[in-house]
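Inside the fold
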Amino acid sequence: MFFSKSYCPHSTRVKELFSSLGVDYNILELDQVDDGASIQEILLEMTKQKTVPSIFVNKVHVGGCDRVFQAHQSGLLQKLLQEHSAYDYDLIVIGGGSGGLSCAKEAASLGKKVMVLDFVVPSPRGTTWGLGGTCVNVGCVPKKLMHQAALLGQALRDSRKFGWEYSQQVKHNWETMTEAIQNHVGSLNWGYRVSLQEKGVTYVNSYGEFVGQHKIKATNRKGQETFYTAAKFVIATGERPRYLGIQGDKEYCITSDDLFSLPYCPGKTLVVGASYVALECAGFLAGFGLDVTVMVRSVLLRGFDQEMAEKVGSYMEQHGVKFLRKFTPVTVLLAVGRDSCTRKIGLEKIGVSINERSGKIPVNDVEQTSVPHVYAIGDILEGKPELTPVAIQAGKLLARRLFGASLEKCDYINVPTTVFTPLEYGCCGLSEEKAVEVYKKENLEVFHTLFWPLEWTVAGRDNNTCYAKIICNKFDNDRVIGFHVLGPNAGEVTQGFAAAMKCGLTKQLLDDTIGIHPTCGEVFTTLDITKSSGLDVTQKGC
């Protein structure tokens, strides 16, 4: 029970805290009722507290604003809120991907009773997988391993220039690779199940669907239904590949859901789409020596810096990937986007709002949906990065806010990422196009250079193909607001600079940093040519 006055800023702070925790509460605004003064006198006699807000939780007087926040910091508030709970669980997480598991384990470590519901609806080709979500099973992990397999093929070709001699014919075996990768993925699936068990999290391999405000129906693969209740819910259902919606697409095409465990080599392949998934898959398939064509509707890597995207496409084209609009393939791999798994889990029954066009869920800055006790994290969020580490961080911090003493929110600004195409592209912050839109071109300075990795020189690899640039805000001490690198190990390079950007990296700080020689990352410590100067950026030596 919450005794308040509508104009009191301290009352407003407590209301915001309770709302962020998804707590239902009754409130009486003493300035808006006729007997408000007499009620306040009675409260004074009962509690010896003269001011508002005056908070009671499960018949226990917690106190005013400061006392409530102290109770929250110590964990006492959460304990009081959970007393006399009428629910089976404190938290049910729908979705056993990276974000859902992170949230569930963190909540359990804070002493809460937690359940995870996870069920993989088979793809139209019948592909399914174990616990862990997209990243582990049909995303980041197998993708990076197949990318590495393709890079090893290039390394074999380079090795002759470095003196390695071998006479036997070298060829790639698809079945050997997929078996090894699936064995590794299987070990991760098992590790996740063990981790949940060790944390005391209940794992149920069933499809979750809301049937009431605090009630969910879980249906297993045999069609058997079980019902569970919880005080709070987190939706972490992720996304699945989109199909074209034309005759034969589900019968004759595959998606990334199927590719990584495909029991046969796909052979001559048409990749439909130009997203990072499309280009990454096209890149490693071409690296295995397959005939690969990418069908592009408009631009490559929509949403990324377009100068970098065009360089990625140019490199791929020079190394065997074709970009055509008419093609007769053996395998068609669809990579035209992903759809949020939010439309068949009963959200409309409890009033959770979704974007009707995209299926995304709008949330506030604490990942709270339109229903106070229901939260959402991961790829299904509207306007947030669709990246595994983002979901993991958001899930962990959400659990700490709900059940611990933390108020820390997930920071979605300057999130780094890498596209694992044959020539990797790493970035953090704004694309050049977005920077111009936000800050205007005249307020920016773009420093850039081409560079030649030392490892490529002896091998005779492409000169002046790798590229680095930073976008600086001239009127904010040349703060770096966009970081972009195209070259080997771009992900490793970008990760370090992303931490620097979180700390407010400026051009002067880069200039003051001594580089490690010879590395690719050191080019960012010697950038001295601006785009506006029009000077040549080709490199003549190491």
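Up top is the structure.
Residues numbered from 1 in each chain as written. Predicted model: local features only at pLDDT ≥ 70, side-chain atom pairs only at ≥ 80, totals over all residues. Heavy atoms only, no water.

Examining the nonpolar core
In terms of nonpolar packing, the biggest core is built from 71 residues, with Phe284, Phe288, Tyr425, Ile470, Phe483 and Phe524 touching the most fellow members. No other element matches the seven residues that helix H11 (residues 276–287) contributes to this core. Ignoring sequence-local partners within four residues, the contact set of Tyr425 consists of Leu301, Phe304, Asp305, Met308, Val312, Thr417, Thr418, Val419, His484, Val485, Leu486 and Ala490. (Core = buried A, V, L, I, M, F, W, Y, C linked by side-chain atoms within 4.5 Å. Buried < 20%, exposed > 50% of the residue type's maximum accessible area, 1.4 Å probe, protein only. Helix = DSSP H or I, 4+ residues; strand = E, 2+ residues; numbered from the N terminus. Contact = heavy atoms within 4.5 Å.)

Description of the packing of aromatic side chains
Taken as a whole and assessed by the stated rule, the structure comprises 15 aromatic pairs. Ring centres of Phe2 and Tyr25 lie 5.6 Å apart, and the angle between their planes is 40°; on these two criteria the pair is classed as tilted. Taken together, the positions of Phe2 in strand S1 (residues 2–4) and Tyr25 in the loop between helix H1 (9–20) and strand S2 (27–29) put the pair 23 residues apart, joining distant regions of the chain. Summarising the aromatic geometry, the rings of Phe3 and Phe56 are spaced 6.0 Å apart at their centres and angled 80° between planes, so their arrangement reads as edge-to-face. Placement of Phe3 in strand S1 and of Phe56 in strand S3 (residues 54–57) is noted, with a sequence separation of 53 residues between them. Each member of the pair, Phe3 together with Phe56, is buried. Taken together, the aromatic side chains of Trp174, Phe260, Phe284 and Phe288 make up a single cluster linked through ring pairs. Residue placement shows Arg13 over the ring face of Phe69; its charged tip is 4.2 Å from the ring centre. (Phe/Tyr/Trp six-rings, centres within 6.5 Å; stacked < 30°, edge-to-face > 60°. Lys NZ or Arg CZ within 6 Å of the ring centre and 35° of its normal.)

Examining helix H14 (residues 388–403)
Working note: α-helix, 3.6 residues per turn, so residues spaced by three or four point in the same direction. In this model H14 runs 23 Å from its N-terminal to its C-terminal C-alpha over 16 residues, within 8% of the 22 Å that 1.5 Å per residue would give. Those residues of H14 that fall on the buried side of the exposure criterion are Thr388, Val390, Ala391, Ala394, Gly395, Leu397, Leu398, Ala399, Arg401, Leu402 and Phe403. (Expected span 1.5 Å × (residues − 1).)

Side note on the packing of helix H7 (residues 140–159) against helix H8 (residues 174–199)
It is at 10 Å that the axes of H7 and H8 come closest, and there the two elements cross at 145°. Crossing of H7 against H8: the hand is right-handed. Seen from H7, the contacting residues are Val141, Pro142, Leu145, Met146 and Ala149; seen from H8, they are Trp174, Met177, Thr178, Ile181, His184 and Leu188. (Axes fitted to C-alpha atoms, helices over the stretch in contact; angles between N-to-C directions. Left-handed = near helix turned anticlockwise from the far one by under 90°.)

Remarks on the sheet that holds S3
Whether parallel or antiparallel, the strands of a sheet pair through hydrogen bonds between backbone atoms. Strand order across the open sheet formed by four strands is S2-S1-S3-S4, with mixed pairing between neighbours. The strands lining the two open edges of the sheet, one partner per strand, are S2 and strand S4 (60–63). Strand-to-strand, the axes of this sheet are offset by a mean angle of 20°, without reference to chain direction. Here S3 pairs with S4 via three bridges, running antiparallel. Its bridge partner lying in S4, Ile55 is registered against Gly63. Along the sheet, H1 contacts S1, S2 and S3; its crossing angle with S1, the most-contacted strand, is approximately 150°. Helix H3 (residues 65–74) rests against S3 and S4 of the sheet, and its axis sits at about 105° to S4. (Pairing = 2+ DSSP bridges.)

Keep in mind these numbers describe shape, not what the thing actually does.
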